[in-house]
Amino acid sequence: MEVLNQDDVHGKFEVNFTGETVIKAVGPLPEPHIISLSNLDLLSGRFPVTYFYFYSRSLLYDFISVIEDLKSSLAKTLNLYYPFAGRIVENSNTNEPEIVCDNTGALLVEAHANIPLKDLDFYNLNLSLQGKLVSINPEFPCQVQVTNYTCSGISITFTFDHALGDASAFARFLISWSEIALKSPISSVPDHRRNLLARCSPRYDPELDRIFVKCTMEEILNIPTMKTLVKRLYHVDVSSICHLQQLACLNGRRRTKIEAFSAYLWKVMVKAIDEKHETCNMGWLVDGRARMSGGRNSMSNYIRNVLSVAIGEASVVELKQDSISDVANIVHQTISKVANKAHFLDLIDWIECHRPGLMLSRTVLGLGGPTLVLSSGRRFPITELDFGFGAPVLGTVCSTIERLGVGYINQRQSANGDGSWIMSAILWPELAAALESDSILQPMTAAHLQL
């Protein structure tokens, strides 16, 4: 039997698009109306966010039945999440995006791949995603592609306009869809209210002027990017995660796994930047729901954006010399400055003072020097996303965006359930090479997924 090397296999990877359906919400809906974006929605950058899941499907389910069941359950889900079936347009007076809730619908694309799932390049997402497993139609802020493989496995990619919400909001949408598909009770009713408003007399810490900036959609689409970014997927063994956490806690201070891993990444990052830089940055996305609700889950079903970013700066010399424990302390202190209610109240007020328009972190716009941003998705549903044909073998996130002023890494739990992680990354090539020169981030393969 002829044995094909990986280049041969992936060079022949083709996807044939066989159908498109606009799925409209079914059941009683509010009258058509317009939802203005909240202050924190204006900080989203309108970036497309794609979650992709792979299923080693049983032969008991045929693809046509899977598609029909997904269409039916999606229509019911859109009744609860009706803004996701709307349109996002620009207000001619304010130049701010707004959601027209008119049940235009979500787009579902059907496709067939010419390879078995195990032959897919899970590591090099540049080869696998855009134009193949992810199709983007700007007219639909919510779109889904279902791809069938020759082994009867399938992949589902869910792409959202960031103006609709953040990872917590999209997680709620996907969990509700799964529950409806399984005919299970809905675990939470979405809250679409716009209730995170600026204070009567807006005020904010002047430090926010250094971190955030007002911008236009044109500036976002043309973010200066010195090098072509590579998109990669990695596996991190639980043993490596625990070892890094032990190193981070050597000084007697308890540090989380994310803080420890961040310290490791930051130390590796200094090997992959131009020698002219005396400092480099790391950033962390911070969800404000628990902070704004006093630690309670009263905002867990809030379907909007409630994100900020913590940016830490350190000298290259310091990062090279300091231990994992020392750098983890810097990480902890930086995140703590943002992970509180006062910061989010100030941020909402800062945006209010700079409206109308879009806002973004200066570093994401490429204005802050070399920066790597980490997002933790440890609570994001992975194996929970069963739509009636079994749990996925992989679930993670990426973006079709081509221009970004920072490197970006997103952490997800492995579907194996053993505590290992999946790391989706958008990196400049030197940083990818530096990370892969060590054994901690392992290029993702079908073997990691037990395919």
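Please read these numbers as outputs of a predicted model, since none were measured by experiment.

**Focus on the overall build of the protein**
- When its secondary structure is counted, the protein shows 13 helices and 18 strands.
- Computed over its C-alpha atoms, the radius of gyration of the protein comes to 22 Å, within 12% of the 22 Å expected for a compact globule of 451 residues.
- Along the first, second and third principal axes, the C-alpha set of the protein runs to 65 × 55 × 40 Å.
- Burial analysis of the protein (451 residues in total) assigns 56% to the buried set.
- Counting only contacts in the protein whose residues sit at least 6 apart along the sequence, the fraction spanning at least 24 positions is 81%.
- Within the structure as shown, the protein displays about 19200 Å² of accessible surface, and the carbon and sulfur contribution to it stands at 51%.
- On the protein, the mean spot of the 40 positive side-chain charges and the mean spot of the 47 negative ones are 6 Å from each other.

**Details of empty space enclosed by the protein**
- Enumeration according to the criterion identifies three cavities of 30 Å³ or more in this entry.
- Roughly 40 Å³ of volume is contained in the largest cavity.
- If you go around the largest cavity, the residues you meet are Ile35, Pro83, Ile99, Leu164, His192, Ile303 and Arg304.
- Tallied by class, the residues present in the lining of the largest cavity amount to five nonpolar, one polar and one charged.

**Re helix α12 (residues 341-354)**
- Taking 1.5 Å per residue as the helical rise, α12 with its 14 residues ought to reach 20 Å, and the 20 Å between its terminal C-alpha atoms agrees with that figure.
- All of the buried residues along α12 are His343, Phe344, Asp346, Leu347, Ile348, Asp349, Trp350 and Ile351.
- Contact partners of the buried residues in α12: α5 (208-211), β9 (212-215), β11 (279-287), α9 (289-292), β12 (307-315) and β13 (358-361).
- The residue sitting at the N-terminus of α12 and contributing the capping side-chain oxygen is Asn340; that oxygen lies 3.3 Å from the backbone nitrogen of Ala342.

**Some details on unusual backbone geometry**
- Of the consecutive residues Arg355 and Pro356, the connecting peptide bond is found in the cis state with omega at 5°.
- Tracing the chain through its elements places Pro356 in the loop between α12 and β13.
- Of note in this structure, Arg46 is not a glycine but carries a positive phi near 60°.
- With respect to the helices and strands, Arg46 occurs in the loop between β2 (33-36) and β3 (48-55).
- Arg46 gets classed as partly exposed once you look at its relative accessible area, which sits at 21%.
- A positive phi angle, near 60°, is found at Gln450, a position not held by glycine.
- Secondary-structure assignment places Gln450 in the segment after β18 (442-443).

**Some words on the packing of aromatic side chains**
- Taken as a whole and assessed by the stated rule, the structure comprises 23 aromatic pairs.
- Between Tyr51 and Phe170, the ring centres sit 6.1 Å apart and the planes meet at 65°, which makes this aromatic pair edge-to-face. Of this pair, Tyr51 sits in strand β3 while Phe170 is found in helix α4 (residues 167-181), placing the two residues 119 residues apart along the sequence.
- The class of Phe170 is buried, set by a relative accessible area of 0%.
- Look at Tyr55 and Phe389: their rings are 5.1 Å apart centre to centre, the planes differ by 70°, and that puts the pair in the edge-to-face class.

**Notes on the sheet that holds strand β4 (residues 87-90)**
- Taken in spatial order, the three strands of this open sheet run β2-β5-β4, and their pairing is antiparallel. Two strands close off the open sheet at either side, each with one partner strand: β2 and β4. Strand after strand, the sheet turns through a mean of 35° between neighbouring axes, direction not considered.

**Topic: the confidence of the model for the protein**
- Overall, the prediction assigns the protein a mean pLDDT of 93, with 96% of residues at 70 or greater.
- Taken as a whole, residues 1-10 scores under 50 in pLDDT and shows six contacts with residues more than four places along the chain or in a different chain.

**Quick look at the side chain of Ser325**
- Within the secondary structure, Ser325 sits in helix α11 (residues 324-336).
- Classification of Ser325 as buried rests on a relative accessible area of 5%.
- Among the polar contacts made by the side chain of Ser325, one reaches the main-chain carbonyl oxygen of Ala248 at a distance of 3.4 Å.

**Structural notes on the packing of helix α7 (residues 238-248) against helix α8 (residues 257-269)**
- The N-to-C vectors of α7 and α8 enclose an angle of 85°; their axes lie 8 Å apart at closest approach. Overall, the two elements α7 and α8 adopt an arrangement that is roughly perpendicular. Facing Ile241, Cys242, Leu244, Gln245 and Ala248 of α7, the residues of α8 in contact are Lys257, Ala260, Phe261 and Tyr264.
- Residues belonging to the contact of α7 with α8 are distributed by class as follows: seven nonpolar, one polar and one charged.

**Topic: the pattern of salt bridges**
- One pass over the structure, following the stated rule, counts 14 salt bridges.
- Asp349 is the salt-bridge partner of Arg199, the closest N and O atoms lying 2.6 Å from each other. Of the two residues, Arg199 is situated in the loop between α4 and α5 and Asp349 in helix α12; the sequence distance between them amounts to 150 residues.
- The class for Asp349 is buried, based on a relative accessible area of 0%.
- A salt bridge links Glu402 to Lys231; the shortest N-O distance between them is 3.8 Å. On the criterion of sequence distance, the pair formed by Glu402 in the loop between β15 (394-398) and β16 (407-413) and Lys231 in strand β10 (residues 230-236) is long-range, its members being 171 residues apart.
- Salt bridges sharing common partners tie together Glu68, Lys71 and Glu110.

What counts and what doesn't
Residues numbered from 1 in each chain as written. Predicted model: local features only at pLDDT ≥ 70, side-chain atom pairs only at ≥ 80, totals over all residues. Heavy atoms only, no water. Helix = DSSP H or I, 4+ residues; strand = E, 2+ residues; numbered from the N terminus. Rg over C-alpha atoms; globule rule 2.2 N^0.38 Å. Buried < 20%, exposed > 50% of the residue type's maximum accessible area, 1.4 Å probe, protein only. Contact = heavy atoms within 4.5 Å. Areas by Shrake-Rupley, 256 points an atom, 1.4 Å probe, with all protein chains shown as cover. Lys, Arg positive; Asp, Glu negative; His and termini not counted. Charge placed at Lys NZ, Arg CZ, Asp CG, Glu CD. 1 Å grid on protein atoms, 1.4 Å probe; cavity = no way out; pocket = protein on both sides within 12 Å on 5 of 7 lines; lining within 4 Å. Points joined across faces, edges and corners; volume = space filled by probe spheres on them. Nonpolar A, V, L, I, M, F, W, Y, C, P; charged D, E, K, R; others polar. Expected span 1.5 Å × (residues − 1). Polar contact = N/O pair within 3.5 Å; in protein donor to acceptor, adjacent residues only side chain to side chain. Phe/Tyr/Trp six-rings, centres within 6.5 Å; stacked < 30°, edge-to-face > 60°. Pairing = 2+ DSSP bridges. Axes fitted to C-alpha atoms, helices over the stretch in contact; angles between N-to-C directions. pLDDT = per-residue confidence, 0-100. Parallel < 35°, antiparallel > 145°, perpendicular 65-115°, else oblique. Salt bridge = Lys/Arg side-chain N within 4 Å of Asp/Glu carboxyl O.

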